[in-house]
Amino acid sequence: MQSDGCESWPIDDGNQGKPLFSPSDYESCRCSTSVVNEGRSSVVTGEDLKHLWQLVEMRDGGPTWIHMMDRSTPNMSYHAWRRDPNTGPPQYRTKTVFENATAKMVRDFFWDDEFRPKWDDMLAYSATIEECSTAGTMVVQWIRKFPFFCSDREYIIGRRIWEVDGSYYCVTKGVSRPSIPRRSKPRRVDLYYSSWYIRAVESRRGNGQLTACEVLLFHYEDMGIPWEIAKLGVRQGMWATVKKIEPGLRAYQKERESLSSLSQSAYMAQINTKIRVDYLRSLASNVDLSKSDIGDTSENPLAPNISRALIYGGLIVLACSLDHRVLSKVFIFGTGRRLANRGNGLN
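Residues numbered from 1 in each chain as written. Predicted model: local features only at pLDDT ≥ 70, side-chain atom pairs only at ≥ 80, totals over all residues. Heavy atoms only, no water.

**Quick word on helix H3 (residues 103-111)**
Reasoning step 1: Among the nine residues that make up H3, eight are buried, leaving the element largely enclosed by the rest of the structure.
Reasoning step 2: All of the buried residues in H3 are Ala-103, Met-105, Val-106, Arg-107, Asp-108, Phe-109, Phe-110 and Trp-111. (Buried < 20%, exposed > 50% of the residue type's maximum accessible area, 1.4 Å probe, protein only. Helix = DSSP H or I, 4+ residues; strand = E, 2+ residues; numbered from the N terminus.)

If you want it as structure tokens, here you go:
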């Protein structure tokens, strides 16, 4: 039986129609029998590549993206948008451009779980559960810690990378693994999607050289707290989190220059499924969805009233510490309005 992570793909090797893998290749996948038994719905497949391509090309038929922020440092620029689908949690789209960085290095940087704790202080624990040394597919377990007002969360993440002409489609998403028992703490996040498109772009210094790297990120997750409160928390903490990435990347570049060997996860990042440009173009003929738009206006700024901000901060504490089913949005915001009105009356 074919292993979940290994599939045949058209590769730009001059042998059109020849499968990328032979049946014997599947034996090299270090995947447990449980992976096969749990079914194909839990793996990273070509449908995930198609979905990420639709997001990159803005052909997924989703609602308009609302501009959130523009920020920059001397060697990094950052732009963020949000949209609210009819069902499901808020979705985020970001574009980050790193000066003096290659697409390969940035690809490895985001995949390298051994190095990540040096710049991502939210990653408390990571472990590789399964990996396929042919397709580069991995299943990893993460435990992420959040600010004092929110409890830790556990993630079981499937991930895989496709390469086309030196650009990379990197898919990471939540997958089901019944073989890993659930615990009351940390709470497991089932609905999770965080995927990148990475490519070389021209430097903003205008020298005509492709010495910068652009990363388009698409992210959403359901942490089990009311989405309106989650949006407030994301907006307040987004830039503080993002601005840690660029120093982390520079430290990673220096460490890679001095190391003679790669970490296991960085090694896996270099095992990519190579596809042809004409294959991606063929996806367009199979997609009958309207194009998504980026709105001209930004979302409303946060109210400047300090007492109201403190009230909603307290509500975030409640929302993260109590179960979503127990603490409803109606209760939270009904209480919030009453307290805010009362606070305004005291000003």
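**Some remarks on empty space enclosed by the protein**
Reasoning step 1: Under the counting rule described, the total for this entry stands at two cavities of 30 Å³ or more.
Reasoning step 2: Around the second largest cavity, the lining residues are Ile-156, Gly-174, Val-175, Arg-188, Val-189 and Asp-190.
Reasoning step 3: Residues that form the lining of the second largest cavity fall into these classes: three nonpolar, one polar and two charged. (1 Å grid on protein atoms, 1.4 Å probe; cavity = no way out; pocket = protein on both sides within 12 Å on 5 of 7 lines; lining within 4 Å. Points joined across faces, edges and corners; volume = space filled by probe spheres on them. Nonpolar A, V, L, I, M, F, W, Y, C, P; charged D, E, K, R; others polar.)

**Some thoughts on the pattern of salt bridges**
Reasoning step 1: Inspection of every chain in the model, using the stated rule, returns 21 salt bridges.
Reasoning step 2: Ionic pairing is found between Arg-107 and Asp-108, a salt bridge with its closest N-O pair at 2.8 Å.
Reasoning step 3: Look at Asp-108 and you get buried, because its relative accessible area is 2%.
Reasoning step 4: Asp-190 is the partner of Arg-182 in a salt bridge, and the nearest nitrogen-oxygen pair spans 2.7 Å.
Reasoning step 5: Salt bridges sharing partners connect three or more residues here, namely Arg-82, Asp-84, Glu-228 and Lys-231. (Salt bridge = Lys/Arg side-chain N within 4 Å of Asp/Glu carboxyl O.)

**Concerning the nonpolar core**
Reasoning step 1: Ranked by internal contacts, the top residues of the largest apolar core, which has 45 residues, are Val-106 and Ile-198.
Reasoning step 2: Of all the elements, H3 adds the most residues to this core, at six residues.
Reasoning step 3: If near-sequence neighbours (up to four positions away) are discounted, Val-106 is found in contact with Phe-98, Ala-101, Ile-198, Cys-213, Val-215 and Leu-249.
Reasoning step 4: Formed by 21 residues, the second largest nonpolar core is a distinct cluster that contains Val-164, Val-171, Leu-216 and Phe-218. (Core = buried A, V, L, I, M, F, W, Y, C linked by side-chain atoms within 4.5 Å. Contact = heavy atoms within 4.5 Å.)

**A short note on the packing of aromatic side chains**
Reasoning step 1: Counting across every chain of the model gives twelve aromatic pairs.
Reasoning step 2: Ring geometry for Phe-109 against Tyr-252: centres 5.6 Å apart, planes inclined by 55°, an arrangement best described as tilted. A residue pair is termed long-range when its members are at least 10 positions apart, and Phe-109 in helix H3 and Tyr-252 in helix H5 (residues 245-258) qualify at 143 residues. Comparing Phe-109 with Tyr-252 shows no difference in burial state: the two are buried.
Reasoning step 3: Between Tyr-193 and Tyr-220, the aromatic rings sit 5.4 Å apart at their centres with planes inclined by 15°, giving stacked as the arrangement. Taken as a pair, Tyr-193 in strand S10 (residues 192-201) and Tyr-220 in strand S11 (residues 212-221) lie far apart in primary sequence, 27 residues in all. Here Tyr-193 and Tyr-220 have matching classes, each one buried.
Reasoning step 4: Of the aromatic side chains, those joined through ring pairs into one cluster are Phe-109, Phe-110, Trp-111, Phe-115, Trp-119, Trp-196 and Tyr-252.
Reasoning step 5: For Arg-93, the ring lying beneath its charged end belongs to Trp-81, and the centroid distance is 4.7 Å.
Reasoning step 6: The ring of Trp-111 has Arg-159 lying over it, and the distance from NZ or CZ to the ring centre is 4.9 Å. (Phe/Tyr/Trp six-rings, centres within 6.5 Å; stacked < 30°, edge-to-face > 60°. Lys NZ or Arg CZ within 6 Å of the ring centre and 35° of its normal.)

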